[in-house]
Amino acid sequence: MQDTRIDGMGTIAGGEYGSVKVSGMGKCTGDLTAQSLSVSGKFTCQGKLKVGKLTCSGTADFEGDISAASLSASGRLVLGEDCNLEAQEVRCSGYIRVGGQISADFLKAEGAINAREVVGDQIQIISHSRGLGALLFPTLSTVGMVEATTISLSGVRADTVSGQNVTIGPRCDIGQVDCSGTLSVHRSAKIGRVTGDCVRQGL
Amino acid sequence: MNPSTEHCYERGAISLELISKKQLLAETGISYGQLYRWKRERLIPEGWFIKQSSYTGQETFFPKEQMLARVQAILEAKDRYSLEELAKILSPEAVDVPLAPRELWEWGEIGPDLLAAAEAAAPPAGLSFDQAVLLAALWEGVQHLSLPPESAKDLVYQALALPPPLRCAEGGCTLFRCGGELTLAVTGGEQPPLFGPAVSVLDSRPMSELAGRIKMKYTARFESGPTDESRRK
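Notes on the structure in this doc start here. (Residues numbered from 1 in each chain as written. Chains lettered and ligands numbered in written order. Predicted model: local features only at pLDDT ≥ 70, side-chain atom pairs only at ≥ 80, totals over all residues. Heavy atoms only, no water.)

Before going further, it helps to spend a moment on the overall build of chain A. Scanning chain A for helices and strands turns up 1 helix and 18 strands. Here the C-alpha atoms of chain A give a radius of gyration of 18 Å, agreeing with the 17 Å that 2.2 N^0.38 yields for 203 residues. Within chain A, buried positions represent 48% of all 203 residues. Across chain A, the fraction of contacts at a sequence separation of at least 24, relative to all contacts at a separation of at least 6, is 12%. When the accessible surface of chain A is split by element, carbon and sulfur atoms take 46% of a total near 9000 Å². Seen as two clouds, the 19 positive and the 20 negative side-chain charges of chain A have centres 9 Å apart. (Helix = DSSP H or I, 4+ residues; strand = E, 2+ residues; numbered from the N terminus. Rg over C-alpha atoms; globule rule 2.2 N^0.38 Å. Buried < 20%, exposed > 50% of the residue type's maximum accessible area, 1.4 Å probe, protein only. Contact = heavy atoms within 4.5 Å. Areas by Shrake-Rupley, 256 points an atom, 1.4 Å probe, with all protein chains shown as cover. Lys, Arg positive; Asp, Glu negative; His and termini not counted. Charge placed at Lys NZ, Arg CZ, Asp CG, Glu CD.)

So, in C-alpha cells, the structure goes:
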C-alpha cells in the first residue's frame, strides 16, 4: 500500500493507502481506506472513509460515513446529511459536525459537537463560550439525542439525554433526561423533564 | 403485559414481537456502551434496530426473541473469542465445511424424526451450512405445530431438494399449506412472507439466530475435535 501526500493542490482517486497526509488543498474522488489520514490543510472526500488514525487540524469534509479507530479533531470536521461517524475514541478540541450519528466508545470534546445523535460508552462534551475558539467556531454544542453509559455535558443543547451516570453541567438546555443510575444537575442547567429510576446528587 | 410497551411488527397472520431498547437494557443488564460497541463491531445487525413511533416519540425497537438470544450468545462467548472472531461467527456468511446429519442430532438441533430422513436425503459429502440451518428451523417448526413424523420427513426431503444458494442466515423458514399440500419456503429478509388467500401459513420463523448458534457449535467442534461432541441444547 502506498503512502501519499498532497502539499499543493491535488486530487487522489479512491482506494487503499498507507498514510495519507494533506497539508495543501486535497480532494479524494471516491471511497478511501487508509492506515492513517492527517489533514492540516483542506480536504474534501466524495466517498466514505475507513481509517485507523484520523487527525484533523485543518478542515475536512466528507460525503460519506467514517469508520475510524481513533479520531482527533483540533480543526473542523464535517460529515454530510445522513452520514455517520464511528470510532473507538474521539477527541475534539475544534468542531465536529455530523449529519447522522456519532458512535464512539470514548468521546471527549472541549470544542463543539453538532450531530443528530451521539451514542456510546463514555461521552464528555464540555463546550465553552470564551476564548479564541469562540471567535472561530460555533461554541455551544447541539445534539438531538445523547445516549451512553456515562455522560457529562456542559454548554450543550439536546432534545434527549439517556444514560446510566449523567452529569448535566452549566449552560445546558436539555428537553428530557432519562437516567438509570446517578444524576447530577448544575443549578444553571435547564431541563424539561427527568425520567428513570435514578439517584440525584448535588453538583 | 403492559400494552404501551407491547409492540408487534404485524404482517398478515404472523407478528414479530418487538422489545424496546430501554426494556432490552433493563432485562439483560447490558449498558448503552456495550450495545453500541457491539453494533459497531457488527455483532448486532443494523437491520435489527427498528425505529417506530410510540407515545413517547421515536423509539428504537428490536426483534425480541432474536435480540435476547443474540445478547446472551455474545455475553457467553465474549470471554472465549475476540470481538472480531465473534463478528465472523455471527455474520451471515456461511461456513464451508459439510456437516453430518448425526452431528446436528447430537447438538440437539434436530429430533429423531428428522434424522432418518436427513441421513437418507443428505448429499454424500454431508449437509451444507445452509442446509443444516434450514433443518434446524424445520425442526422448531415441526415441534411447534406438533406435525406427525410422516409430514416431518416429507418436509426434510423437500428442504434438502432446494437448490443453493439458500442464504438461511439472512432469511426465514415458512411452513405453509397450499391446495392441501404441506410445503416450505425459504424467504429473504426479516419480514415474514405475504401470500394470497389460497395459502394458509402455519409457521414462519427467522433463521439468523439458529445460524449463529450452529456456526458457534461448528467453531467449537473444530477446536475440540470431532470426537469430543456431547449432546447439547
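Attention now goes to the state of the cysteines. Within the structure shown, the criterion is met by 0 disulfides over all chains. The closest cysteine sulfur to the non-disulfide-bonded A:Cys92 is located on A:Cys56, 9.5 Å from its own sulfur. B:Cys173 carries a free sulfur, and the closest cysteine sulfur to it, the one in B:Cys168, is 7.8 Å from it. In this structure B:Cys173 comes out as buried when scored by relative accessible area, which is 1%. (Disulfide = S-S within 2.5 Å.)

Taken as a whole, this structure holds 20 salt bridges over all chains when the rule is applied. A salt bridge links A:Lys48 to A:Asp31; the nearest nitrogen and oxygen atoms lie 3.8 Å apart. Of this pair, A:Lys48 sits in the loop between β6 (42-45) and β7 (49-56) while A:Asp31 sits in the loop between β4 (25-28) and β5 (32-39); the two residues are 17 residues apart in sequence, bridging distant segments of the chain. For A:Lys48, a relative accessible area of 46% corresponds to the partly exposed category. Residue classification places A:Asp31 among the partly exposed residues on the basis of a relative accessible area of 42%. In the salt-bridge network here, residues are joined through shared partners; they are B:Glu109, B:Glu140, B:Asp203, B:Arg205 and B:Arg213. (Salt bridge = Lys/Arg side-chain N within 4 Å of Asp/Glu carboxyl O.)

Attention now goes to the pairing of strand β5 (residues 171-178) of chain B. For a regular strand, the rule is simple: side chains alternate between the two faces of the sheet. Residue and element names in this part refer to chain B. Most of β5 is tucked away, with 6 of its 8 residues classed as buried. As paired strands, β5 and strand β6 (residues 181-188) are joined by 8 bridges and run antiparallel to one another. Bridge pairing in β6 links Leu175 to Leu184. Linkage of β5 to β6, two consecutive antiparallel strands, is achieved through a turn of 2 residues, within which Gly179 is found at a positive phi near 60 degrees. With 7 bridges joining them, β5 and strand β7 (residues 199-206) adopt antiparallel strand pairing. Within β7, the residue paired with Cys173 across the bridge is Arg205. (Pairing = 2+ DSSP bridges.)

Soluble globular proteins tend to pack their nonpolar side chains together in the buried interior. Ranked by internal contacts, the top residues of the largest apolar core, which has 57 residues, are A:Leu37, A:Phe62, A:Ile96, A:Leu107, A:Ile113, A:Val161 and A:Ile168. Not counting the four nearest positions on each side in its chain, A:Ile96 is found in contact with A:Leu71, A:Ala73, A:Leu77, A:Leu85, A:Val90, A:Ile102, A:Ala112, A:Ile113 and A:Asn114. Formed by 38 residues, the second largest nonpolar core is a distinct cluster that contains B:Phe129, B:Ala132, B:Val133 and B:Ala159. (Core = buried A, V, L, I, M, F, W, Y, C linked by side-chain atoms within 4.5 Å.)

A cis geometry characterises the amide bond from B:Pro164 onward to B:Pro165, with omega recorded as 0 degrees. For B:Pro165, the location among the structural elements is in the loop between α8 (149-161) and β5. Even without glycine at this site, A:Arg171 takes up a positive phi of about 60 degrees. In this fold, A:Arg171 is placed in the loop between β15 (156-168) and β16 (173-185).

Relative to the helices and strands, B:Lys21 is located in helix α1 (residues 21-28). Given a relative accessible area of 8%, B:Lys21 falls into the buried group. Within the structure, B:Lys21 has its side chain in polar contact with the side chain of A:Glu147 (distance 2.4 Å). A distance of 2.9 Å separates a polar atom in the side chain of B:Lys21 from a polar atom in the side chain of B:Tyr36. (Polar contact = N/O pair within 3.5 Å; in protein donor to acceptor, adjacent residues only side chain to side chain.)

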